[in-house]
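# A look at the structure
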Amino acid sequence: MLDLLHEIGQTLSNNKLRTWLTGLSVAWGIFMLIVLLGAARGVTNAFKAANDDASTNTISIWGGVTSMPWKGYKEGRYIPLKSNDIDAIVKENEAVSEVLAYGSIDTAKITTVRDYVSGSFNAVYPREKEIQGVKMLAGRFINDRDIAEARRVMVLHRDNARTLFGDVEPEKVVGQTVSCLGLAWTVAGVYEHPWRSSSYTPYSTYKAITGNNDEAYQLTARVEGLTTEEQGSEAEQGIRSSLARQHDFNPADPAAIWTWNRFTQSIAGAAANVYLNLAVWVIGIFTLLTGIVGVSNIMFVSVRERTHEIGIRRAIGAKPRSILVQILTESVALTTIFGYIGIVLGMALLQLIDALIGETEAFRNPTVDISIALQVTAALVVAGALAGLFPALKAIKVKPVEALRDE
């Protein structure tokens, strides 16, 4: 084995320039493959993080304005969602396990003696924390007792808490009092979210202070037992049909109500990530093939230059298998050595990108893990073997008499 490795090293070192030029093409192919795989991993990680932090088996509904006439009604009619729509949706759609109503006041002003914030004021149920992927920094979210007793409690976003109370720890904000809509509210918790900054209050409290208005800003239906994108679309259409019967609008009217089907979105996103990774592997493999062709060419040249040597070895009793193993091992060694250079450089670049960009909504942790490294290693070995296969087959076909006559 040591003799074989020594012979491989000597063969590669005898043609340094040719070896390095061929090796660089292999290193470049692997480098591009690693970078592309890392970029795809960054997109996939961002998608998974967004879906892991939020419930993906929900369909959100908002009221809209009709764009089609229906049963004597003209187009342009506003369709308000109401709390009593919940019973109709749950009763008529087997896939829907529950529906939650939401209230909102976009012009609410929250004040303290220090400062104020203006923005969205969302009245929700406790499950909103799970649906939206809200991460609590201190205190708690809206709970069932808040709903039952219509408590005047509020959950603030971290940035709003800093504006209202200064640069203090979130724990010190919990229990403080803010003023909103002419009433005093107790801060129950402080949260953070990648893109939401609304203040949350109990839905029952919102209804009480707005005169028990039955209109809902939004409805969110929770679906269960669905496994395909088609089933998700059917569930969405079922909800649309139920609301069409409730409010007398054309079920085919796309503008009468607006929906966000997170279930089908997550299924489609997962499929897109699979295709993205497949496309990256295809592009990377084709890039690697450029280097593999170079390795195969250099092995053909090596076999041609060593025809006399191969003939002598065959004449003194060397078996074709030993010649085949030597050529294949040289090819795999050349591919692997320079391939690992490409792996190291690619991983270093990904680490640099991760340090410079950090975590964003569309890109997160593009570095590759051990599983990717093992897959690329396997690809290197296979590529090296394929690159040396045809030169090796040519080498074992060399006849000793002709090889010894060759100059």
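Below or above, wherever it landed, is the structure these notes cover. (Residues numbered from 1 in each chain as written. Predicted model: local features only at pLDDT ≥ 70, side-chain atom pairs only at ≥ 80, totals over all residues. Heavy atoms only, no water.)

The next thing to look at is the pairing of strand β6 (residues 153-157). Counting buried positions along β6 yields five of five residues, so the element is predominantly enclosed. By the alternation rule, side chains of β6 split into Val153, Val155 and His157 and Met154 and Leu156, which are all buried. Examined bridge by bridge, β6 and strand β8 (residues 183-192) share five bridges and lie parallel to one another. Opposite Val155, over in β8, you have Gly189 as the bridge partner. (Buried < 20%, exposed > 50% of the residue type's maximum accessible area, 1.4 Å probe, protein only. Helix = DSSP H or I, 4+ residues; strand = E, 2+ residues; numbered from the N terminus. Pairing = 2+ DSSP bridges.)

Every second residue of strand β7 (residues 177-180) is oriented toward a common face, the buried set being Val178 and Cys180 and the non-buried set Thr177 and Ser179. Where strand β3 (residues 96-111) meets β7, two bridges bridge the pair, whose relative direction is antiparallel. Counted as the bridge partner of Ile110 is Cys180 from β7. Both β7 and β8 contribute to a ladder of four bridges, which runs antiparallel. If you follow Ser179 over to β8, its bridge partner there is Ala184. Counting the residues that bridge the hairpin from β7 to β8 gives two residues, and of these Leu181 lies at a positive phi of roughly 55°.

The tally for this structure, following the rule as stated, stands at six aromatic pairs. Considering the side-chain rings of Tyr203 and Tyr206, the 5.9 Å spacing of their centres and the 35° angle between planes classify their relative orientation as tilted. With Tyr203 and Tyr206 both in helix α8 (residues 203-209), this residue pair falls three residues apart, about one helical turn. We classify Tyr203 as buried; its relative accessible area is 2%. Look at Tyr206 and you get buried, because its relative accessible area is 9%. Each residue in the set Tyr125, Tyr203 and Tyr206 is aromatic and connected to the rest through ring pairs, giving one cluster. The ring centre of Tyr73 lies 4.0 Å from the NZ or CZ of Arg77, which sits over that ring. Lying across the ring of Tyr116, Lys109 places its NZ or CZ 4.8 Å from the centre. (Phe/Tyr/Trp six-rings, centres within 6.5 Å; stacked < 30°, edge-to-face > 60°. Lys NZ or Arg CZ within 6 Å of the ring centre and 35° of its normal.)

So, to be careful, I would describe these as geometric facts and stop short of saying anything about function.
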